[in-house]
Amino acid sequence: MKKVIKYTVIILLLLSLSASTAYLAYLHYFAPHYDNLSGQWTARVDMSGHATSAALAWLQDIEAVSPSWQDMEAYMQDLEIQVELKMEQTADTQGTFRCRVSPESYEACNQAAYEGFAAAFRDLAAERLRMAGYTGSMDQEAMEALVAETFGMPTVSYLMNCVPALLPSLEELQAGYDGSGTYEAVEGVLTRQYEDELPVAEKTERYILTGTGLVLSRDPDSDSAGLLLDRYPLAYTLKRHGNP
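Residues numbered from 1 in each chain as written. Predicted model: local features only at pLDDT ≥ 70, side-chain atom pairs only at ≥ 80, totals over all residues. Heavy atoms only, no water.

Caption draft 1: Representation of the overall build of the protein chain. Each helix and strand in the protein chain was counted, giving seven helices and eight strands. A buried classification covers 37% of the 244 residues belonging to the protein chain. When contacts within the protein chain are restricted to residue pairs at least 6 apart in sequence, long-range pairs at least 24 apart make up 64% of them. Counting every atom, the protein chain has about 14400 Å² of accessible surface; 54% of that belongs to carbon and sulfur. (Helix = DSSP H or I, 4+ residues; strand = E, 2+ residues; numbered from the N terminus. Buried < 20%, exposed > 50% of the residue type's maximum accessible area, 1.4 Å probe, protein only. Contact = heavy atoms within 4.5 Å. Areas by Shrake-Rupley, 256 points an atom, 1.4 Å probe, with all protein chains shown as cover.)

Caption draft 2: Spatial organisation of the side chain of Ser48. Structurally, Ser48 can be placed in helix H2 (residues 48–61). When its relative accessible area of 6% is taken as the criterion, Ser48 is described as buried. Ignoring sequence-local partners within four residues, the contact set of Ser48 consists of Met76, Gln77, Asp78 and Leu79.

Caption draft 3: Quick look at the nonpolar core. Within the largest apolar cluster, 49 residues are counted, with the highest numbers of intra-cluster contacts made by Met87, Phe117, Leu159 and Leu166. In terms of residue count, the dominant contributor to this core is helix H4 (residues 103–131) (nine residues). Sequence-distant contacts of Leu166, that is, excluding residues within four places in its chain, are made with His50, Ala51, Ala54, Ala55, Met76, Ala113, Tyr114 and Phe117. (Core = buried A, V, L, I, M, F, W, Y, C linked by side-chain atoms within 4.5 Å.)

Caption draft 4: Inspection of the side chain of Ser38 at higher detail. Along the chain, Ser38 falls in the loop between helix H1 (2–29) and strand E1 (39–46). Owing to a relative accessible area of 11%, Ser38 belongs among the buried residues under this scheme. In this structure the side chain of Ser38 is engaged in a polar contact, spanning 2.7 Å, whose partner is the backbone nitrogen of Gln89. (Polar contact = N/O pair within 3.5 Å; in protein donor to acceptor, adjacent residues only side chain to side chain.)

Caption draft 5: Fine view of the packing of H2 against H4. Where H2 meets H4, the axes come as close as 11 Å, and the angle between the chain directions of the two elements is 35 degrees. Both H2 and H4 take part in a crossing whose hand is right-handed. Contacts from Ala51, Ala55, Trp58 and Leu59 of H2 reach H4 at Ala113, Phe117, Phe121 and Leu124. Considering only residue class, the contact of H2 with H4 consists of eight nonpolar, no polar and no charged. (Axes fitted to C-alpha atoms, helices over the stretch in contact; angles between N-to-C directions. Left-handed = near helix turned anticlockwise from the far one by under 90°. Nonpolar A, V, L, I, M, F, W, Y, C, P; charged D, E, K, R; others polar.)

Read these as geometric descriptors, not functional statements.
Laid out in C-alpha cells, this is it:
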C-alpha cells in the first residue's frame, strides 16, 4: 500500500512538472508579448539644424559675408531641448501618458543658440574688416567692444532684438509636444489619444524598446505631418529613468 501511494505521488509530481514545463514553453514561444512602456522618459531633441538654418538665412538677407553650412554649424553645437514623457501601463497594451517640453531647457537652448551666433557674427565682422583693410585687433574681445560701440548693446542682445528667432517659440514647441491622454502599444506601433485641445486628437509612431531606450519614429506622409513636432526630427530616442 505504501509503495502504491509513493508511486502515485511520484507520478503526480512528474505530471505537474511536465505541465509546468509545457506552460512555460508556451509562454516563451507562443503567448503574446506585451512591452511595458511604464516609466519616466526623457528625450533631448537636437535643435542645431534649425538654428543654423535661421542664422544663415538672416546673413544672406543682409548680404553679409556668409559662411558655409558646415562653418555655421560649428558655432551651433549641443543645442537641445528636453522633452519629458511619463507613461503608466494600465493593461497589456494600454496606458496613460503625459508629455511636456521643459521650459528651462528651452531657455538654456535659446540662450546658447544666440551666444553661438554672436561668436560667428564677431568672426564674420572681423573678416569683413580685414577685407576692407582694417589692421587693428580683431580678436573676440575687441570685436565685442566694437559691436557694443556700434549698436549700443552687446552682440547677443543685438541679435536677439534684430534677428528673426533662431528657434521655434516655446509655445509652438508645446503645441507639438505637450499633452496627456491614453496610449496603445501594439506590434511596434504606439498610438496616443490626446485629451487636450490640440491640432490633432491622435498621434501614431513606430517604436523600438531597447533596454532603457525608447526610439520613436514617424511616417513623414502621416496625417499629422503638418505639426511642428513632425517637421523634426523623423526619429528621436527617449531614455527611461528608474524601473518600469
